[in-house]
Amino acid sequence: MPDAFPLPDPAEALAALAADRSRRPVLVALDFDGTLAPLQDDPAASRVLPAGVGVLADLAATDGVSLALVSGRAMADLHLLAEVPVGTLLVGSHGAERARVTPHGLDRDVVRLTDDQADQLATLGAEAAAVARGREGVWVETKPTAVVVHTRLADADVARSAEQESLALGERLGTGVMHGKAVVELTVLHASKGEALIALRDEIGAPVVVYAGDDVTDERAFEALGEQDITVKVGPGDTVARYRVQSPEDVVAALARFRDALAPSAG
């Protein structure tokens with residue numbers, strides 16, 4: 001079904017950005033699953049589209065461009081699956097984890113929980129496991145700061161009930177709750193993709209952020225950015241983003257055109 005209020009493709013905005021050297025450095029920040037990597041039933045099978053690997057490497061090597069991945073995945077998982085070049089900034093767990101890719105691995109900001117937060121995380125893990133128990137296709141992932149109930153492989157009715165129980169669990173325990181596509185994440189440490197992006201922009205001194213994402217959790221990032229930024233919703237659904245593309249393939253194609261447009265003015 002077509003969108004009731006169609007959004008433009010970002011091609012024109014990206015071309016204008018590439019032509020304007022006064023708007024450097026540019027922070028190109030991208031979600032992973034559903035944005036650079038097509039969604040998979042098995043999350044461990046997710047990979048950046050092959051054409052995207054080279055495009056990301058070229059962008060990271062371009063003068064005046066900083067590259068970041070901003071994902072809900074745990075940092076170790078994101079680093080393992082995302083084939084990104086040295087120098088890429090990685091934001092995991094929706095902003096709770098930060099790192100930079102180096103030639104020798106990750107230079108990570110250490111996440112420290114208080115004793116109370118660690119106890120709450122353990123309680124979350126046990127109670128989330130009870131939510132998943134006996135429900136085919138529902139499974140639990142434990143992150144350094146959160147527990148995630150995944151329902152992508154479950155039948156619709158099973159997924160719905162598991163997600164409702166997970167949301168109720170978060171409310172009862174007073175945790176942070178993020179309800180995305182076939183996931184409910186319960187976190188003991190406040191984190192937001194929007195806040196993470198603003199912090200990255202300020203550190204880099206970037207007057208413009210290009211951000212693309214597909215999930216409801218990416219709306220926080222879109223909301224945090226301003227009119228000077230280029231926000232791109234990937235796929236269908238209501239959004240506050242200014243632009244839209246339909247698929248990860250479209251994301252890679254748009255980034256390739258942006259890379260090519262930057263080339264004459266790079267240096």
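Residues numbered from 1 in each chain as written. Predicted model: local features only at pLDDT ≥ 70, side-chain atom pairs only at ≥ 80, totals over all residues. Heavy atoms only, no water.

S.K.: I'm lost on the pattern of salt bridges in this one. Help?
M.R.: Charged atoms that come close allow side chains of opposite charge to pair. The full count for this structure, using the stated rule, is 14 salt bridges. Here Asp-58 and Arg-259 are joined by a salt bridge, their closest N and O atoms 2.9 Å apart. A residue pair is termed long-range when its members are at least 10 positions apart, and Asp-58 in helix 2 (residues 50–60) and Arg-259 in helix 8 (residues 248–262) qualify at 201 residues. Put simply, Arg-73 and Asp-77 hold a salt bridge, and the shortest N to O gap is 2.5 Å. Overall, the relative accessible area of 23% leaves Asp-77 in the partly exposed class. Among the charged side chains, a salt-bridge network with shared partners connects Asp-31, Lys-193 and Asp-218. (Salt bridge = Lys/Arg side-chain N within 4 Å of Asp/Glu carboxyl O. Helix = DSSP H or I, 4+ residues; strand = E, 2+ residues; numbered from the N terminus. Buried < 20%, exposed > 50% of the residue type's maximum accessible area, 1.4 Å probe, protein only.)

S.K.: In this structure, what is going on with the packing of aromatic side chains? I would like to understand it.
M.R.: Each aromatic ring pair is specified by the distance between its two centres and by the angle formed by the two planes. Taken as a whole and assessed by the stated rule, the structure comprises one aromatic pair. Summarising the aromatic geometry, the rings of Tyr-211 and Phe-222 are spaced 5.8 Å apart at their centres and angled 65° between planes, so their arrangement reads as edge-to-face. Taken together, the residues Tyr-211 in strand 10 (residues 208–213) and Phe-222 in helix 7 (residues 219–224) connect sequence positions 11 residues apart. With relative accessibility at 0%, the residue Tyr-211 sits in the buried group. (Phe/Tyr/Trp six-rings, centres within 6.5 Å; stacked < 30°, edge-to-face > 60°.)

S.K.: What exactly am I supposed to notice about the nonpolar core here?
M.R.: One recurring pattern in soluble globular proteins: nonpolar side chains tend to sit buried together. Formed by 41 residues in total, the largest nonpolar core has its most connected members in Val-28, Leu-30, Leu-69 and Leu-255. Considering each element in turn, this core owes the most residues, seven residues, to helix 8. Sequence-distant contacts of Leu-255, defined by excluding residues within four places in its chain, comprise Val-28, Leu-30, Leu-36, Val-55, Leu-56 and Leu-59. Listed in part, the 16 residues of the second largest apolar core include Leu-89, Ala-206, Val-209 and Phe-222. (Core = buried A, V, L, I, M, F, W, Y, C linked by side-chain atoms within 4.5 Å. Contact = heavy atoms within 4.5 Å.)

S.K.: Just to check I follow, could you spell out the sheet that holds strand 5 (residues 105–108) for this structure?
M.R.: Two pairing modes exist for strands in a sheet, parallel and antiparallel, and in both the strands are linked by backbone hydrogen bonds. One open sheet holds the eight strands; their spatial order is 5-4-3-2-1-10-11-12, and the pairing between them is mixed. Two strands lie at the open edges of the sheet, namely strand 5 and strand 12 (243–245), each paired on one side alone. In this sheet, adjacent strand axes meet at a mean angle of 25° when their direction is disregarded. Where strand 1 (residues 26–30) meets strand 10, five bridges bridge the pair, whose relative direction is parallel. From the neighbouring strand, Val-26 faces strand 10, where its bridge partner is Val-208. (Pairing = 2+ DSSP bridges. Axes fitted to C-alpha atoms, helices over the stretch in contact; angles between N-to-C directions.)

Everything listed here is a matter of coordinates, which is why it stays silent on function.
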